[in-house]
Structure formats: structure tokens, C-alpha cells
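# Secondary and tertiary structure notes
Chain residues, written in single-letter form:
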Amino acid sequence: MILDRTRPLFIRLLLLVVLVLVPPVAWIAHQATGEFSRGLIPEMDKKAEAIGRDLEQSIERAVGYGIPLDQLQGMDQFFAPVLAANPEIRYLAVTDRAGKVLFIEGAERSVLEAVYGGADFAAGTEHSRKLALGGFIDLAQPLAIKGARIGHIHVGMDQDYVGGRLQEILVDLAVVTLGALLVAVEILLFVVTFNITGPMRVVGTVMERVRRGDFSCSAGVTSDDEVGRFVHGFNGAIRLADQLFRRLEAYIDEVKAAHFDAGVVEKVKDIESRVRFLFRFARNGRPEIVNEHQATDIRLPLFLFVFAEEISRSFMPLYIRDLYAPIPGLTPELAMGLPIALFMLVIALASPSASLLANRLGARRVFLIGLVPATIGFVMSALAVTIYDLIAWRAATALGYAFITMACQGYIAQVSQQQTRTQGLGVYVGAVLTASVCGTGIGGVLAERVGFRVTFLVAGALTVITAVLIWRLLDSTQPQAEGPSPRKRDFLRLLRNWRFSALVAFAAIPAKMALTGFLFFLVPLTLSQNPSLDLGDVARMMMAYPVSVVLLSPLVARFADRVGWRVGLVAAGGLLGGAGLVLPAFWDEPVLAVQAAILLLGVSHGLSASPQLAMIPDLCWTECRAIGQTNVLAFLRLAERIGSFAGPLLAAALIPLYGHQGAIVALGWLVLGMAAVFALLSFAYHAGPHIETEWGE
Amino acid sequence: MRRLVTLILAACALALSGPAGAAEPGAKPFRIYMALWRGWEDAAQGFKDYFANQGIPVELIIRDAGQDKAKLKDFVAEAKALKVDLVFTWGTTVSEEMLGRFDSADPARHITDIPAVFAVVSQPVGGVVPSLSSSERNITGTLYLVPMETQVNLIQSYRPVKRLGMVYNPLERNSQVAAEQLDGIGKATGFEVVALPVDVAEGKPKPASIALKVAEIKAARVDFLYIPPDTFLNINRDILTQAALDHAIPTFAAAENPVVTSKAMFGGVYRYYTVGQLTAYKAEQILVRKIAPKDIPIDAPKRLSVLINMPVVRQIGLFPPMKLMGLAEIIDRTEAKENKP
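Residues numbered from 1 in each chain as written. Chains lettered and ligands numbered in written order. Predicted model: local features only at pLDDT ≥ 70, side-chain atom pairs only at ≥ 80, totals over all residues. Heavy atoms only, no water.

You'll find chain B entered in an unreviewed UniProt entry as ABC transporter, periplasmic component, with Paramagnetospirillum caucaseum given as the organism.

In the annotation of an unreviewed UniProt entry, the entry for chain A reads Major facilitator superfamily permease, and the organism field reads Paramagnetospirillum caucaseum. Listed under Subcellular location (unreviewed entry) in UniProt, the entry text for chain A is "Membrane". (UniProt positions renumbered as here; feature names shortened; annotations may be inferred.)

What follows is the structure, encoded as C-alpha cells:
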């Protein structure tokens, strides 16, 4: 099962973009960090000096009121907030004229006593001075009352701080570069497929028909570039053959009408019928225009839209927390889980009708219709006042999301024949996952630099760009009337297939529960409690999920195709994901444990996602035959959204009971338990009659 | 003369208000009847200055009872006769006598139809109003006492206290309430309260007994002496604070006078001037914004003033923590003289 036909092209373009973009970015980054560190050190000095002066004034004021320097009170509480607000400052100290340490906060007294006590220091200066002290830079400023020096205030800066800051900026830069790379590749891929490979495929189709003697068509490419000119010439050649035939036909008609020799007429008629048998020409002289749609046409718009949605991934719960207002009858945590849960619910409820609509109105129109609520949702989310209207705007976005994803799936289904449908679905999954990687990472960096609200506006702008792309570039496909949609009873029959029900209940639902409850909801909330992590860090940690799914999915798909051990992969994936969530209970490093859990969840879904889908034809082949494989898959998607909806609410309900960390673990036990049930059931999967019958055919 | 000042003030305000005044031809200044208890002081000044600063034309009719309860009846009659727009009452006695208690206001004896604002009332709840959220009648006002919890926190932030002393006048309800509250907080947070009433003779508290009580407090080895917002102790503040200073007992005052004009070491108060301004703001809401007084909650200024009396601190040698120093208004009269020759 090849997931994505454009994959080889994608990888080649990615390599190209990496070669072109990464060296200059790296060079600029290198230069910039040099500048930055040169610029940062004097800035830090200035800041330390300003802080020192501030403290100096307060102390001098107190001493000026007659409090002896060594009897200043509450110096620890006086220094503590300054240290807390300035991470680059490691300690603050006051020494007397002899260099004796009177007060110190943030470092060991004895360490500094030795240095200050030196004769050199006691000699005293009337100006501030800097000295290196192991890992610290000590800035000493004199304290004076009426011109008489009474001691020094010391501000100790952390030398590692600059390095840490630089590293942070470099990591941010790397994330943005990665995002930019992927965006560039998506755009290149679009340009190449839209302008070159697409037209070439059309030419190929026409050529194939010509090879079979069919001159009735011409390639519908109208661009005014090399490709367009080539296609124009190619079409000209076909037209010429077509005209030549018409002239021949006219001549034959003339001969048939004018010749008296019946034998000749017979011969000519024979030739005519031979020609007509071997070749086909346009009936009325007007050629049939061949236009070929392909799944990749919709890839860039889909990518941009999902990008826009994923931008808020790393901070959505935090934004909700900012807007929190009590909702009667709900605990604060549940209220905070509500926008995410309802988002999922609206998608689930709107998807079936969106899918029907996409079949009826065509993908292009439904995509454009969906962009309206989505854009409004993003822009108004940026302007939201309370949690109430945020819920409304998120619901609008969810409605758009349902329309757009269904439109894309419908488009792909229409343009790809049955055989290439899996490949087409690969295009879909590829675009969604790449967008997820970019959106999560870039969204985190953006939100950290410009704030939540502006980031939402960026998402709104992206959807507008998407709309323009769709409007200008995508031809409307002919809406195809699909077979009558299956009735509810058919779906109930599907649920009676215990293998399918078990897959839904114990594999698909817990997987989604872990995704929305843990990754979308608990991770941002839990990590934001750690003051050493900023939004960018949280987003980077969350990126581990889509990155591992992206990397693992195609490999697993190939592996599963070869080995055929799909149930096992799904079971193993589920257990791994659940085990990851339980990890924080056994690991003292909470941040590392959460990171590992995110990574394992990615591995888990990478392992189980494509085998889960690939299992369906084997698992319920009778149902697939009765209601169509597409419908069975759609039903699976719909059913697993129960998990998407329940995830945030469940997680929210667990927070008051066990705390944030504990809620992750509790959710983990639940997911692990369900995965274990599936693993046990999976042993029975092969024993049933279904698969044997399938293989018997 | 006073009349002239108010007229000039009103004229200035009119000029300042410019187009607003022009849009309302012949806008008359609001007539406010100010009933005071012991003369013109900071709260009254803050009240007056607010209108000047906001450019609201007012005509102030100022009456001072001079601590004579008998005069207040005439004030009520005069305010009614003058048909003023608003009445301002200063202090618990003036407010309760002129506005009536919340459950027994009498249109014949009290001001009921004219809207009123009160200031410097120690315990308005259960007195002039039933609750702070609404007076449920035609008055509103401001608080001037810092909540007892805040005061205790302030003392604790200076030095942790195990035993807190207090001298009070048993005839004043304010002081009794303060003693009870202090005792309650002490029991809840773990410190002991030694509250001693001054001696009473012939229905009057004896100033001579103050020093004796302070000595008793000293013998009880208290960490701090709490000075309640007590009229008797306010008048005799020099005796009280000097006695404490003689025994080197650090003192905390709930009102500004003992710190600012006497020898209490430290205090946490809402300045009278700020209280006056807040009261004027409420008057503005009634007169200009036309909000019903019962819809205006009764509250205290946002900003707490921490006062530290530096000469006393130096004499006792109990230095304030740096954080408090940064927040406090330092009172250092000797230094002020040095700085401003």
C-alpha cells in the first residue's frame, strides 16, 4: 500500500529545498547569534546596573533614615522578587566596608565571603566594578551616604544565561525553518503538479488515446508557458490528423457519389469502414477537451487550512483559561474542556451532511462554503471576550472544518479511480500531517512572540489565502451521484460485527481520547505550569506527535502490507500509547515524562493508524460489499469521534481529582486498560470465518 | 469670604467645563450642605478639591457642630429649608443624628428626601446602612477604616507578633468592636490579645489612667501596642504614644493622627484626604451621573497608606523590613527640617 503517489516527488523537492534554504539560514543564524551575544552582554550589564542602582537607592534611603546597614530588616523578602523577575540574575548581596557579606540571597555566603573579604576589595572604589566569579559575573556598586562609602551592593549575573537564551532562539529558528521548509515544499509540490506533472498526465492520457487511434480529443491545457506551447503544438498535430481525415471523408463521399463503378465504390466503402474501425475522430469536428483532475490539486488548500487550525494547537487550553468565566453547573476544568470537546462534537455531527453536500454540490463549492464559517470562527476567536462566545466561534470553525475536510475527501474520491483511492487518501493524510507539524511548531513560536489573539488572526488570514487559491485555481469537478446512502439499519448491522465493534470501542475510541484529552488539552495545561517552559517550548514538545506519526506511518504501512500483521500492530500501538501516558507516574522528571508520553503517543498512532484502516476490508467484507467500503470507513471515522469528544471532558473531570499530572496518568490507565482488552480480543480475530472466506475467493 | 471662595470656585469650574457648560445654559452650581463634627480637616478638603479638580461647579454650605450633638437638629432643619441638592455628613455621630439609623429613619427628624453621602463613619453597617452593597435608601458613603485582617497582616509583616496589647475607651462602641475583632483574629491565627479598658469615672474615661494601662501592657510583655480608632484616645494621643515610647513598646495605629501628629511608630490607614475625594466621587455619581444613591455601594479607597514614624523607630530601635519601607510613607520631621532649610 503506497500511501502517497507524490511521495517520491515530495522527498526530492524536500531535499532540494533543504539544500537551497538551510545553508543560508544556518549562515544567517550563525551571524545573528554572534551579533546577538555581543549585543546581549552589554544589555545585561546595563540591566544589572539598573537593578543595582534601584536596590542601592532603596538601601541608601533606609540607611539615610537612620537604620544601620547591618540592621536592615527583611532583606531576603526584599531581594526575592527581584531574583524571581530576572532569571539572568543569580544572586544579590550586600557587603560592608570591609567586604563582609551582610546579606545574600541566591548563593552560598561562604563562597562569596572569601572573594569579597580580600584586601583588594577593602581598598574600595567609588565606582561600580565587574569581576568574574566562576560561573558568575559580579557587578558591585558602592553604597554611600552623604558621600561616605558604607558598603557595596552586588548583583551576580549568570554567565550561562546568555548561552541558554541563544540556544532558545536557535531552537525557535530551527522550528520556524522546518515549518518554512515544509511550507515551501508544499507550495513547490503544488506548482510542479499544477503546472507540469498535471498537464503532462493529461497529455499522456490524450497520447494514449491517440495511440489507440482515437483522434477525437485534445488536451485541455491553456497556460501560456513552455508546457502550454508544447501542449498547443501537440494538440495542433492531433487536429491536423483530424482535419486530414475529414478531407479524406469528403473525398470518399465524393467518390461514392460520383463513381459509376460499383466495385470501386464497394472498395472505397470498405476502406472507409476500415478507417472508421481503426481510428476515431471527432464527430462534429469539435474535439473533446480532456481535463484531468488529480488529488494533489487540493493538497495545498487543504494544507493551508489545516495549518490555520493547528496554529492554535499548543495554546488553545491556555487561551480558554484566560477567557474563563464560570458556567453554571460545570467545574472550571470541565468548562475549559468544553470548547475543545464541542469542537470535536460539531465536526462529528456536521461531517455526514457535509459529505452528502459535497457529493451534491461539488467539492469546490462546499470547500468555499466551509471557509466562510471557518474564517469567521478564527477572526472572532481572536476577538473573543468570554468562554461563551469563544465556544460559539470554535463551533463555527468546527463547522467549516467538517465541510472542508469532507469536500477534500469527496474531491479525492471523485478524481481518483477505485485503484488509486488509497493513494489519493495518502495525499489527504500527508497534507494534514505536514500541516500539523508546521502549524503546531510555528503557532507556538508565533503565540509566544505576538500573543494568542494575533496568532488567531494569522489563522484567519491563512483561510482567506486558501479561499483565493480555491477560487482561482481549482476547477469545479462534475458532481457525481453516488449510490444511495446507506440507512441507519446498515450501520447497526456493522456494529453487530463484533470484530468491527471491538476495533471501534477498544482501539479507535481510546486512541482519539488520548489525542484530544491528553495532547490537545492536558499537555498545554500541564506544561504551562512549569515556569521554565515558554509557549514555544510547549509547541516544540507537542510537535513530537505529528513528526513521529509522519515518519512512522508510511514505514508501518509498508511493513504491514508485507507481514500482514495488522491486528497485532493496532494492539501494540494502543498498548504503547497507554503505557506512555502512565509513564509520568513512574518518572520523577515530569517534563521529560510528558515529552516521552507525547512521543509514544505519536509512535502509537503511527503504528496503528494505517493498519486500522487497512484492516477494514478484511474485517467486514460482507458489510463493505453491502454498503460500500467508503461508507464503512466513514462510519469508523464518525464512531471514533465519540472518543474525540469524550477525551477533553474526561481529562477535565480528572483534574480536580488527581491534579494535572495525575489526570494524565489516570487517563493513561483507562486508555491502557481499553488497549489491553483489544489486545486480548485480537487473538481471536484470526479464528473467525470472515477472513477464511475472504481468502477463499 | 467662604461664600466668595465658593463662587470663584464655581466660576472657575464653569469656565473649565467649557462646552458642556455652554450646552446647558445657566447651569447652576450644585448646592452641597457639609455638616462637620470637629472643624475643617483633610476629608473635607479632599471632598472640596475633588470638585475643583473635576471642574464640577459646586456651592458648599459649610457647618461645623464643634462636637456638639445639640446643633445637629438645627442642621437638619437648615438643610431642608435651603433645599440643597446633597448633604455631606462627617463622622459617625453627625451621620447617625442627621440621616438616622437604617431601621429608624424618621422623615420628620432626619434628612430622607435629599440625597446624602457620609464619610468617616467607623461602623456604618448596622448603623446608618444595613449592608455595604446598598443603603436601600437615599444615601451612600465611604469607609475609612482599614479592615482588621489587613491591619493585623500589616503588623505581622513588620514583626511576627505573639502577643498584642491594646488600650481602649470602654464607652466607645468602635473600640469595643475593634477589641472583639482583634481577639477573634488572634484566636484564628495564633496570637494573644491583651486588651485593657481605661478607667471610667462619673461616666467619663480618665486620661490619667492611660499611662498606668500602658505600664500594665508592658508588664504583660506584648510585642506591639494596637491603638484603635477611638475618639478619646485620639484626643489623648500624645499621652498614650509617649507612654508607649517610654516603655519602648512599638505601636500600631488604625488612624493617621497618632502617627502623623504624635508618636505612634507605625500605622496603616486610608488617608482622610483620599476618603474625602472618594466621597466626592460618589456625590458626583449622584449629582452628575444621576445614579440613585441606593445603587452606589459603600466602599473604601483602593490605596492603603502605610505610615512609618521614623524618629520613633530610631528611638525604639525596631527597624521596619525593607519591603515595608518601600511601600510606606515615611514621616521624619527632624529630617524634613534638615532637607528644607
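## Description of the interface of chain A and chain B
Of the residues lining the interface, 16 residues belong to chain A; the matching set on chain B comes to 14 residues. Between the two partners, chain A and chain B, sit zero salt bridges. For the pair chain A and chain B, the interface holds four residue pairs in polar contact (both at pLDDT 80 or more). Those elements that place two or more of their residues in the side of chain A that touches chain B are helix 1 (7–64) and helix 2 (75–85) of chain A. Among the elements that line the side of chain A that touches chain B, the one with the most residues is helix 1 of chain A, at five residues. For the side of chain A that touches chain B, the per-class residue count stands at eight nonpolar, seven polar and one charged. (Contact = heavy atoms within 4.5 Å. Salt bridge = Lys/Arg side-chain N within 4 Å of Asp/Glu carboxyl O. Polar contact = N/O pair within 3.5 Å; in protein donor to acceptor, adjacent residues only side chain to side chain. Helix = DSSP H or I, 4+ residues; strand = E, 2+ residues; numbered from the N terminus. Nonpolar A, V, L, I, M, F, W, Y, C, P; charged D, E, K, R; others polar.)

## A word on helix 21 (residues 629–685) of chain A
Residues that lie three or four places apart on an α-helix share one face, since the helix turns once every 3.6 residues. With 57 residues, helix 21 of chain A should cover 84 Å at 1.5 Å per step; its first-to-last C-alpha distance of 20 Å lies more than 12% under that length. Where helix 21 of chain A bends most, the angle comes to about 120°, and this point is Tyr658 of chain A. (Expected span 1.5 Å × (residues − 1). Bend = angle between axes of the 7 residues up to and from the residue.)

## Overview of unusual backbone geometry
All names here are of chain B. Despite not being glycine, Val120 shows a phi value in the positive range, around 55°. Note that Val120 resides in the loop between strand 4 (116–119) and strand 5 (139–141). Even without glycine at this site, Glu202 takes up a positive phi of about 55°. Along the chain, the position of Glu202 falls in the loop between strand 8 (200–201) and strand 9 (204–205). The exposed category is assigned to Glu202, whose relative accessible area is 84%. (Buried < 20%, exposed > 50% of the residue type's maximum accessible area, 1.4 Å probe, protein only.)

## Some words on the domain arrangement of chain A
Here chain A is described as being made up of domain 1 (32–158), domain 2 (202–290), domain 3 (295–482) and domain 4 (484–686). Using only C-alpha atoms to locate each centre, domain 2 of chain A and domain 4 of chain A end up separated by 57 Å. (Domains from an automatic or database assignment.)

## Thoughts on the side chain of Glu60 of chain A
All names here are of chain A. Within the fold, Glu60 resides in helix 1. Buried charge Glu60 goes without a salt bridge, the closest partner of opposite sign being Arg53 at 10.0 Å. At 2.9 Å, the side chain of Glu60 and the backbone nitrogen of Ala144 are in polar contact. Beyond its immediate chain neighbours, meaning those up to four positions away, Glu60 contacts Pro142, Leu143, Ala144 and Ile145. (Lys, Arg positive; Asp, Glu negative; His and termini not counted.)

## A few points about the domain arrangement of chain B
All names here are of chain B. According to the domain assignment, chain B contains domain 1 (2–143 + 272–295) and domain 2 (148–269 + 304–339). Each of domain 1 and domain 2 was reduced to a C-alpha centroid, and the two centroids are 32 Å apart. The interface of domain 1 with domain 2 comprises five residues on the first partner and seven residues on the second. Each partner contributes to the roughly 610 Å² buried at the junction of domain 1 and domain 2, and carbon and sulfur atoms together form 33% of this total. Counting the surface domain 1 buries against domain 2, the share from its top three residues, Arg38, Gln123 and Tyr272, is 63%. Scanning the region where domain 1 abuts domain 2 turns up zero salt bridges. At the surface where domain 1 touches domain 2, the tally comes to one residue pair in polar contact (both at pLDDT 80 or more). Grouping the constituent residues of the side of domain 1 that touches domain 2 by class yields one nonpolar, two polar and two charged. (Buried area = accessible area lost by both parts, 1.4 Å probe.)

## Things to note about the environment of Ala614 of chain A
Residue and element names in this part refer to chain A. Among the structural elements, Ala614 can be located in helix 19 (residues 590–619). Judged by its relative accessible area of 16%, Ala614 falls in the buried class. Linking Ala614 and Gly236, residues 378 residues apart in sequence, is a C-alpha distance of 46 Å.

## Overview of the pattern of salt bridges
Residues and elements named next belong to chain A. As enumerated under the stated definition, the model contains 36 salt bridges over all chains in all. A salt bridge links Arg394 to Glu309; its shortest N-O distance comes to 3.0 Å. With Arg394 in helix 12 (residues 387–415) and Glu309 in helix 8 (residues 299–310), the pair connects residues that are 85 residues apart, well separated along the chain. An identical accessibility class is assigned to Arg394 and Glu309; each is buried. Because the salt bridges share partners, they merge into one network encompassing Glu249, Asp253, Lys256, Glu272 and Arg276.

## Observations regarding the sheet that holds strand 5 (residues 148–158) of chain A
Residue and element names in this part refer to chain A. Taken in spatial order, the five strands line up as 2-1-5-4-3 in an open sheet, and their pairing is antiparallel. Looking at the sheet topology across the chains shown, the edges are occupied by strand 2 (101–105) and strand 3 (129–133). Within the sheet, the average angular offset between the axes of one strand and its neighbour, ignoring direction, is 20°. Two elements, strand 3 and strand 4 (residues 136–145), share five bridges in a ladder whose sense is antiparallel. When the sheet's bridge partners are listed, Lys130 is paired in strand 4 with Leu139. (Pairing = 2+ DSSP bridges. Axes fitted to C-alpha atoms, helices over the stretch in contact; angles between N-to-C directions.)

## Observations concerning the nonpolar core
Membership of the largest hydrophobic core comes to 140 residues, with the highest contact counts inside it found for Phe500, Leu503, Phe518, Leu519, Phe521, Ile598 and Ile616 of chain A. Domain assignment of the residues forming this core places at least three in each of domain 3 (295–482) and domain 4 (484–686) of chain A. Non-local contacts of Phe518 of chain A, meaning those with residues more than four positions away in its chain, are made with Met513, Val523, Leu581, Val594, Ala597, Ile598, Leu601, Ile664 and Leu667 of chain A. By size, the runner-up hydrophobic cluster in this structure holds 66 residues, among which are Leu55, Ile59 and Ile137 of chain A together with Ala178 of chain B. (Core = buried A, V, L, I, M, F, W, Y, C linked by side-chain atoms within 4.5 Å.)

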